[in-house]
Amino acid sequence: MSDHKESGNFSELLELALRLGASGARVVSSSDICIQDELAGLCAKPQCENFGASANCPPHVSGPDGFRELLKVYDQAVVFKLEAPSPVLFSPVERLEVFGLLQEIAAGLELAAVKMGQTRSKAFAGNCCKVLFCNDHPRCRVLHEGGKCRNPLSARPSMSGFGINVSKLMESAGWSLKKAGEKSGETSVGTLCGLVLLG
Ligand code: SF4
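Figured I'd write up the structure that's included with this text. (Residues numbered from 1 in each chain as written. Predicted model: local features only at pLDDT ≥ 70, side-chain atom pairs only at ≥ 80, totals over all residues. Heavy atoms only, no water.)

1. As for the site of the ligand
Contacts to the ligand come from S54, N56, C129, K130, C134, C140, R141, C149, R150, N151 and A155. Classifying every residue of the shell around the ligand by side-chain character gives 5 nonpolar, 3 polar and 3 charged. (Near = heavy atom within 4 Å. Nonpolar A, V, L, I, M, F, W, Y, C, P; charged D, E, K, R; others polar.)

And the structure:
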């Protein structure tokens with residue numbers, strides 16, 4: 001588990017995460033972030049239905065190698081979690097609302113960190129922004145029109161495309177990942193996680 005002695009410097013960010021809807025937020029060392037090529041490989045095989053759908057998903061992101069390179073210039077990060085009841089996470093509509101909130105919290109923390117002077121801060125979340133925020137549009141504007149993202153205040157890349165091991169990330173923050181269960185008797189709550197590199 002990380003030494004959280006630096007979190008006092010970012011207490012405003014941690015409080016903001018809770019106000020935005022997170023159920024917990026911690027500062028971790030960037031060296032605690034574990035990247036595994038095979039996890040990013042799962043986006044392509046078996047291929048996710050959102051593979052290639054947005055500029056924030058593989059194969060349009062820099063992947064594990066790009067993330068390893070990026071990490072070299074960051075020392076710390078905020079990890080936050082969001083918990084939702086299993087039936088919500090298995091519902092076709094409500095689960096998208098929860099992932100939308102996850103992305104919005106990540107983006108909100110990134111923008112707040114930038115305002116605090118951490119101008120290179122970058123946020124990562126989960127799921128695909130095309131489905132979450134651009135479902136009414138046929139295609140991603142960045143990929144297909146060479147334009148700007150329609151949702152710069154909310155859409156962020158998914159951690160999956162970079163091979164970030166979310167379970168280990170949660171452990172670094174002192175939490176355990178709860179996987180939502182579909183059948184009665186399985187876990188009644190599932191945990192989602194987001195990450196903001198601070199720098
Ligand atoms: S335009 Fe839409 S699909 Fe493309 S990156 Fe932005 S939110 Fe995602």
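2. Let's talk about the pattern of salt bridges
Inspection of the entire model under this criterion finds 7 salt bridges. R68 is the salt-bridge partner of D37, the closest N and O atoms lying 2.6 Å from each other. In this pair, D37 is assigned in helix 2 (residues 37-41) and R68 in helix 3 (residues 63-71), connecting sequence segments 31 residues apart. The residue E69 makes a salt bridge to K72 at a minimum N-O spacing of 3.0 Å. Its relative accessible area of 63% is what places K72 among the exposed residues. Within this structure, D37, D65 and R68 form a network of salt bridges that share partners. (Salt bridge = Lys/Arg side-chain N within 4 Å of Asp/Glu carboxyl O. Helix = DSSP H or I, 4+ residues; strand = E, 2+ residues; numbered from the N terminus. Buried < 20%, exposed > 50% of the residue type's maximum accessible area, 1.4 Å probe, protein only.)

Note that all results are geometric; they support no functional claim without further evidence.
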